[in-house]
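Examination of the molecular architecture
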Amino acid sequence: LSPVCLGSLRRAASINAEYMGITTFAEILVKNDSSGCIPMFDKNMIDDLARMYRLFSRIPPTLEHISGCLKDYVKDLGTKIVTDPENKKNPKKFVQEVLDLRKKYHNIVSVAFEQNRNFERHLKEAFEHFINLDMRAAQYLSLYIDEMLKKGLRGVSEAEIEDKLRNVVTIFRYLSDKDIFEDFYKQHLAARLL
């Protein structure tokens, strides 16, 4: 064989080996209890998640393993927030935990997963799932905004106010019970105006 043919065969063999290696071990790498996605999510290991993302990006269908894991894990974390008995007593704590969860995982999707639309969609679906498990989320969000407007904005810069409101509006978008939120918000607004 000519040197050109040998070079082409080696490249083809290398590509095939890479494809087989990534597709064969993708699910195992993602689900590993000690070094898979969940431990990396918990420890906020953005650089390692980015490396895994870049590796799997070579074979795009394998990215579904990571995005599916992200969606399922955020659903689980969110469901724990919604069903936590402490959060049922404290609306401000409930909303703050949801905001913190969104901030963390939005950052992971933005930085580690390069704002991949599929990952953004899975994150959005996870939040929509758990935020709508209980209609109290609409009430709690309304209470949180009311509290924030009553006393939480004194001594805070305009940029911080905008950031807080932007985050709350993002959570609002996940609600399917927007009419329930509106009813509670009208009640709180009336009480504030009186």
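Before going into details, it helps to say that this report is about the structure given with it. (Residues numbered from 1 in each chain as written. Predicted model: local features only at pLDDT ≥ 70, side-chain atom pairs only at ≥ 80, totals over all residues. Heavy atoms only, no water.)

**Describing the packing of helix α4 (residues 63-83) against helix α7 (residues 117-131)**
Where α4 meets α7, the closest approach of the two axes is 8 Å, and the angle between their N-to-C directions is 25°. Classified by the angle their axes make, α4 and α7 are roughly parallel. Crossing of α4 over α7 shows right-handed handedness. Contacts from L63, E64, I66, S67, G68, L70, K71, V74, K75, G78, T79 and V82 of α4 reach α7 at N118, F119, H122, L123, E125, A126, F127, H129 and F130. (Axes fitted to C-alpha atoms, helices over the stretch in contact; angles between N-to-C directions. Helix = DSSP H or I, 4+ residues; strand = E, 2+ residues; numbered from the N terminus. Parallel < 35°, antiparallel > 145°, perpendicular 65-115°, else oblique. Left-handed = near helix turned anticlockwise from the far one by under 90°. Contact = heavy atoms within 4.5 Å.)

**Section: the pattern of salt bridges**
Side chains that differ in sign of charge can pair as their charged atoms come close. In this structure the tally under the stated criterion is nine salt bridges. A salt bridge links D48 to R51; its shortest N-O distance comes to 2.4 Å. Taken together, the positions of D48 and R51, both in helix α3 (residues 46-57) and three residues apart, correspond to about one turn of that helix. Relative accessible area serves as the criterion here: at 46%, R51 is assigned to the partly exposed category. Counted as one network, the salt bridges with shared partners bring together K71, R121 and E125. (Salt bridge = Lys/Arg side-chain N within 4 Å of Asp/Glu carboxyl O. Buried < 20%, exposed > 50% of the residue type's maximum accessible area, 1.4 Å probe, protein only.)

**Quick word on the packing of aromatic side chains**
Tallied over the full model, the rule gives eight aromatic pairs. Consider the rings of Y53 and F119, whose centres lie 5.6 Å apart with planes at 75°: the pair is edge-to-face. One end of the pair, Y53, is in helix α3; the other, F119, is in helix α7, and 66 residues separate them in sequence. As far as burial versus exposure is concerned, Y53 and F119 are alike and both buried. (Phe/Tyr/Trp six-rings, centres within 6.5 Å; stacked < 30°, edge-to-face > 60°.)

**Notes on unusual backbone geometry**
Here N44, not a glycine, exhibits a phi torsion of approximately 55°, which is positive. Following the sequence through the fold, N44 ends up in the loop between α2 (37-42) and α3. On the accessibility criterion, N44 (36% relative accessible area) is partly exposed. For Q115, which is not glycine, the phi dihedral falls at a positive 55°.

**Some words on a nonpolar patch on the surface**
On the surface, F25, I28 and L29 cluster together into a nonpolar patch covering about 290 Å² of accessible area. Checked against the element boundaries, L29 lands in helix α1 (residues 3-31). (Patch = residues over 30% accessible without salt bridge, like charges linked within 9 Å, V, L, I, M, F, W, Y side chains within 5 Å. Areas by Shrake-Rupley, 256 points an atom, 1.4 Å probe, with all protein chains shown as cover.)

**Quick word on the packing of helix α6 (residues 91-111) against α7**
Viewed as axis vectors pointing N to C, α6 and α7 meet at an angle of 165°, and their least axial separation amounts to 10 Å. Between α6 and α7, the crossing angle belongs to the class labelled roughly antiparallel. By crossing handedness, the relation of α6 to α7 is classed as right-handed. Mapping the contact onto sequence places F94, V98, L101, R102, Y105, H106 and V109 in α6 and F119, E120, L123, F127, F130 and I131 in α7. Of the residues in the contact of α6 with α7, the class split is 10 nonpolar, one polar and two charged. (Nonpolar A, V, L, I, M, F, W, Y, C, P; charged D, E, K, R; others polar.)

**Remarks on the nonpolar core**
In this structure, F41, I66, V74, F94, Y105, F113 and I131 are the most contacted members of the largest nonpolar core, which totals 49 residues. The contacts of Y105, once residues within four sequence positions are left out, are F41, L70, Y73, V74, L77 and L123. (Core = buried A, V, L, I, M, F, W, Y, C linked by side-chain atoms within 4.5 Å.)

**Considering a negative patch on the surface**
A surface patch of negative charge is lined by E158, E160, E162 and D163. The topology assignment puts E162 in helix α9 (residues 158-174). (Lys, Arg positive; Asp, Glu negative; His and termini not counted. Charge placed at Lys NZ, Arg CZ, Asp CG, Glu CD.)

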